[in-house]
Amino acid sequence: MQTRVFQFLQDGIYTLTIAATDKVGNTSSKTIENLVVDTVAPQVAFTQTSGISYQKSYTVDFNVTDSKAGVDRYYYIWNTSAEKPATESEEWSLTSTISLKTPAGVSGTYYLHIKAVDKVGNVEIASTEGFNIDNIPPSVSVSPDGNRNNTDMIDYDVNIYIIDETTAYDQI
């Protein structure tokens, strides 16, 4: 038995015919049709690629397509890094949905990364730009805090301090 590796230089559909002849001239052949060569990774398209304004959450829709072998599976990661995660990262979560909501209760700038794999193993990683999320309420403090040493006065000076680490406060 002999093993040979055939390398096709371009994507496409091929027919492979193999012929063998022995030392006395006997010939046999075998034809294999519809050999699909696919080196093109799936395509990922996001309907919304970023969220500039701060919100409590975002929902991001996306679509995964592969015109040759077809999409086999896809994964996602929400994180605070704009850098694409490694293909073999253990953070990838398998999903079958095409609509993902930002993680609950988080604040900061979050990025959605999608890893798509087609049926022959080609991989594409696509990432959004940042989505700005704010789930931290503003901090409010008042001075003086209570009536200690401030009884029976005509006027009161009260200082109100409002701090919001993520966005500006809207109203007092």
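Our subject in this report is the structure included herewith.

What counts and how
Position numbers for residues count from 1 along each chain, tracking the sequence in the order it is written. Since the coordinates come from a predicted model, pLDDT governs what is reported: local features require at least 70, and pairs of side-chain atoms require 80 or more to be given and counted, while whole-chain, interface and lining totals use all residues. Side-chain metrics in this entry use all non-hydrogen atoms of the structure; hydrogen atoms and water are not considered. Pairing of aromatic rings covers Phe, Tyr and the six-membered ring of Trp, with a centre-to-centre limit of 6.5 Å; geometry is then stacked below 30 degrees between planes, edge-to-face above 60, and tilted otherwise. Helix numbering and strand numbering both begin at the N terminus, where a helix is a DSSP run of H or I of at least 4 residues and a strand a DSSP run of E of at least 2. Three labels apply to residues, based on accessible area from a 1.4 Å probe with only protein chains included: buried if under 20% of the type maximum, exposed if over 50%, partly exposed otherwise in between. Ring-over charges, as used throughout, are those where CZ of Arg or NZ of Lys falls within 6 Å of the ring centre and within 35 degrees of the ring normal. Pairing between strands is defined by DSSP: at least two bridges between them are needed. Think of a polar contact as two N or O atoms within 3.5 Å of one another; within protein, one of them needs to be a possible hydrogen donor and the other a possible acceptor, and neighboring residues in sequence only count if both atoms come from side chains.

**Some thoughts on the packing of aromatic side chains**
- Evaluated as defined, the whole model comprises four aromatic pairs.
- For the pair F46 and F62, a centre-to-centre distance of 6.4 Å together with 55° between the ring planes defines the contact as tilted. One end of the pair, F46, is in strand 3 (residues 43-46); the other, F62, is in strand 5 (residues 59-65), with 16 residues separating them in the sequence.
- Its relative accessible area of 16% is what places F46 among the buried residues.
- Members of the aromatic cluster, connected to one another through ring pairs, are F46, F62 and Y74.
- In this arrangement the basic side chain of K115 is found over the ring face of Y75, its NZ or CZ atom lying 4.5 Å from the centre.

**Things to note about the pairing of strand 9 (residues 108-118)**
- Extensive coverage of strand 9 is indicated by the burial of nine of its 11 residues.
- Pairing geometry for strand 6 (residues 71-79) and strand 9, over eight bridges, is antiparallel. Each residue of the ladder has a partner; that of Y74, found in strand 9, is A116.
- Looking at chain direction, strand 9 and strand 11 (residues 131-133) are connected through three bridges and run antiparallel. What sits directly across from G108, in strand 11, is I133.
- Alignment of strand 9 against strand 10 (residues 123-127), held across five bridges, turns out to be antiparallel. By the bridge assignment, V117 is partnered in strand 10 with V123.

**A look at the side chain of N122**
- Here N122 is to be found in the loop between strand 9 and strand 10.
- Looking at N122, its side chain comes within polar contact range of the main-chain oxygen of V40, at 3.3 Å.

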